[in-house]
Amino acid sequence: MKQADLSSSLTRRDLIKGAATLGLGAACGLILPFGQAQAAETPVKGGRLKLGLAGGQTTNTLDPARGGFGSPVERTINYTLYNTLIEITEDGQAIPEIATRWDVGPGAREWIFHIREGVTFHNGKPLTADDVVFSLRRHTGPDTKSGAAGLLKEITSIEKAGPMQVKIVHATGNADLHYLLSDYHLSIVPDGQATIDGVGTGPYILQQYEPGVRFLAKRNPNYWKEGRAHVDEIAISVVNDDAARLAALQSGEVQVVNRLDPKTVKLLERLPSLRVINASGNAFYALNMRSDRGPFANPDLRLAMKHAINRKQMLDRLLMGYGSLGNDHAVGRYMPFFDATLAQREQDLDRARFHYKKSGHSGAIDLRTSTAAFSSAIDMAVLLKMDAEKAGMTINVVREPQDGYWETVWRSKDFMITYWAGRAVPDQIFTTAYFSKAAWNDTHWSNARFDTLLLAARTELDQAKRAQIYAEMQALMRDDGGPIIPLFNNFLDGASAKVRGNLGAPNMELAGCRIAERCWLA
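What you see is a predicted model; the values in this text were computed from it and never measured.

Overview of the sheet that holds strand S5 (residues 110-115)
Then, number 1: Strands sit in the order S4-S5-S7-S6 across an open sheet of 4 strands; the sheet is antiparallel. At either margin of the open sheet sits one strand with a lone partner, and together these are strand S4 (99-104) and strand S6 (155-162). The mean angle between the axes of side-by-side strands here comes to 20°, regardless of whether they run parallel or antiparallel.
Then, number 2: As paired strands, S6 and strand S7 (residues 165-170) are joined by 6 bridges and run antiparallel to one another. Across the sheet, Ile158 pairs through a bridge with Ile168, a residue of S7.
Then, number 3: Sheet strands touched by helix H3 (residues 129-137): S5, S6 and S7. Its angle to S6, the strand with the most contacts, is close to 170°.

If you want it as structure tokens, here you go:
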């Protein structure tokens, strides 16, 4: 089945239904012209956009295939310098980016991606299929440390099918493969480049980079997307302290900040010189319980913690209502196949005591946390500590430094707090983080039934059956999985009123971390 270029008005559901009717494995995204979702206001060219961002560390990198890549600063820089095959729009749809279209074979096993012609890298090299093959293969194989390794684990081959065509073969088939290829790790870089140093096909060209401190880039004069990349320069300063970041925004030192403290939002909304971007999405806070070893290998201890936590209190105190309750699974309510019928878990101290006694555990448990995860991560740990005490459990809160948190604590410690940016479809987050073989399975959870259902959902084109599969997976993760997921957060960004354009997106902050090419200065 061939996917149309940038003109179709079909919804994703229409395309899936059409594919099912034809007996083919295509699930193609809504195709919109670039910029169609923007406001009617005419963009203005020029100026320097100054961002003050939380989430930067000295261990950050320009290489999206390096293990641990994925902080808010890294993601924003990534989409400033690079492109991916597929772009996720402001309303969560998958549209062509470096790929102009794709053809999907029966069972969604074999995909042919047609590569955009006339695109050049920042160093002047023309983009070819060889660059795409090289870029994707960097995330495969036994030696890769990439966070996208799990997404591509079932890919059996990535081959050049012509000067501007790439053939990807999936072992079992996956109707959402195009969504997976939108992942920020899968950026396109020049073929054969040993050191990834920021040379991409993206809207801006690197001028200066000091990890965890600052970044500067100038507009790419040869950028191929019409109606994008309006400002002359993008300057990013890493400002991890909430108060300092807010002060920089109010003083005009920066024009955009991410991760506003929810307690300050009402105040900022009253200031005519500023605007608050409040975007609902699929990102979530998680308390990871490592399921393959230590105390949380016992499922009753995991359930004891899940029943002890007071989610509503956390929503009110930590997010001031700017978010929604989590139900210990990773499918957000703005994703397709979210199961609204699954009973919302509430605090039940009697059940928490029952499962804790059944687990046979005794003694204190260390919970490691850091504001590297999110600004209220320390407060979340303290609230859980108080909840657990009511059920007879003792938690020792261990505050870790921001720098190095993702390298030394995440995925390694038995009990720790983390944060997951939103994904567009269930398969993307399940394959990345909760499939037993996933590189970023950060709770080390393994459930054979869950894995079986994940594979089945990828090729099931009957939408009612697919919904049933994903519903069972959500229930399995809620009741057996390794994370406590108490909250899904809204993306709260702040900007000068002079920063124009649609800055909201359901998958990540700052217009899906694509603010560099989507906004302009009035």
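A word on the sheet that holds strand S9 (residues 214-219)
Then, number 1: Taking strand neighbours across the sheet as the criterion, the 7 strands line up as S8-S9-S10-S1-S11-S19-S12 in an open arrangement whose pairing is mixed. Each having just a single partner strand, strand S8 (204-210) and strand S12 (274-279) make up the two edges of the open sheet.
Then, number 2: By the bridge criterion, 5 bridges tie S9 to strand S10 (residues 233-238) in an arrangement that is antiparallel. Bridging across to S10, Lys218 finds its partner in Glu233.
Then, number 3: Contacts between helix H2 (residues 72-81) and the sheet are confined to strand S1 (48-53), S8, S9 and S10, with S8 contributing the most and set at about 145° to the helix.

Topic: the pairing of S9
Then, number 1: Both S8 and S9 contribute to a ladder of 6 bridges, which runs antiparallel. Across the sheet, Tyr209 pairs through a bridge with Phe215, a residue of S9.
Then, number 2: The turn joining S8 and S9, which pair antiparallel and follow one another in sequence, is formed by 3 residues; a positive phi near 75° is taken by Gly212.

Things to note about the UniProt feature "domain: Solute-binding protein family" (unreviewed entry) in the chain
Then, number 1: UniProt marks residues 95-441 with the feature "domain: Solute-binding protein family" (unreviewed entry), using the numbering shown here.
Then, number 2: Helix makes up 24% of residues 95-441 and strand 23%, whereas the separation of the span's terminal C-alpha atoms amounts to 28 Å.

Some details on the packing of aromatic side chains
Then, number 1: Under the defined criterion, the tally for this structure stands at 19 aromatic pairs.
Then, number 2: An aromatic cluster of at least three residues, connected via ring pairs, comprises Phe337, Phe430, Trp445, Phe450 and Tyr470.
Then, number 3: The ring of Tyr184 carries Arg75 above its face, with NZ or CZ at 5.9 Å from the centroid.

What to know about the state of the cysteines
Then, number 1: The final tally for this structure, using the stated rule, is 0 disulfides.
Then, number 2: For Cys513, which is in no disulfide, the shortest distance to another cysteine sulfur is to Cys519 and amounts to 13 Å.
Then, number 3: On the accessibility criterion, Cys513 (1% relative accessible area) is buried.

Notes on the domain arrangement of the chain
Then, number 1: Here the domain parsing of the chain yields domain 1 (43-81 + 202-255 + 498-521), domain 2 (83-200) and domain 3 (281-490).
Then, number 2: Each of domain 1 and domain 2 was reduced to a C-alpha centroid, and the two centroids are 23 Å apart.
Then, number 3: Contacts between the two partners involve 31 residues from domain 1 and, on the opposite side, 28 residues from domain 2.
Then, number 4: Roughly 2200 Å² is buried in total at the junction of domain 1 and domain 2, and carbon and sulfur atoms are behind 50% of that figure.

Some words on helix H8 (residues 311-318)
Then, number 1: Residues of H8 that are buried: Arg311, Gln313, Met314, Leu315 and Leu318.
Then, number 2: Residues of H8 that are buried in the fold lie against helix H7 (299-308), strand S14 (323-325), helix H10 (377-390) and strand S18 (483-489).
Then, number 3: A positive backbone phi angle near 50° is found at Met320, which sits one or two residues after H8.

Conventions adopted
Residues numbered from 1 in each chain as written. Predicted model: local features only at pLDDT ≥ 70, side-chain atom pairs only at ≥ 80, totals over all residues. Heavy atoms only, no water. Pairing = 2+ DSSP bridges. Helix = DSSP H or I, 4+ residues; strand = E, 2+ residues; numbered from the N terminus. Axes fitted to C-alpha atoms, helices over the stretch in contact; angles between N-to-C directions. Contact = heavy atoms within 4.5 Å. UniProt positions renumbered as here; feature names shortened; annotations may be inferred. Phe/Tyr/Trp six-rings, centres within 6.5 Å; stacked < 30°, edge-to-face > 60°. Lys NZ or Arg CZ within 6 Å of the ring centre and 35° of its normal. Disulfide = S-S within 2.5 Å. Buried < 20%, exposed > 50% of the residue type's maximum accessible area, 1.4 Å probe, protein only. Domains from an automatic or database assignment. Buried area = accessible area lost by both parts, 1.4 Å probe.

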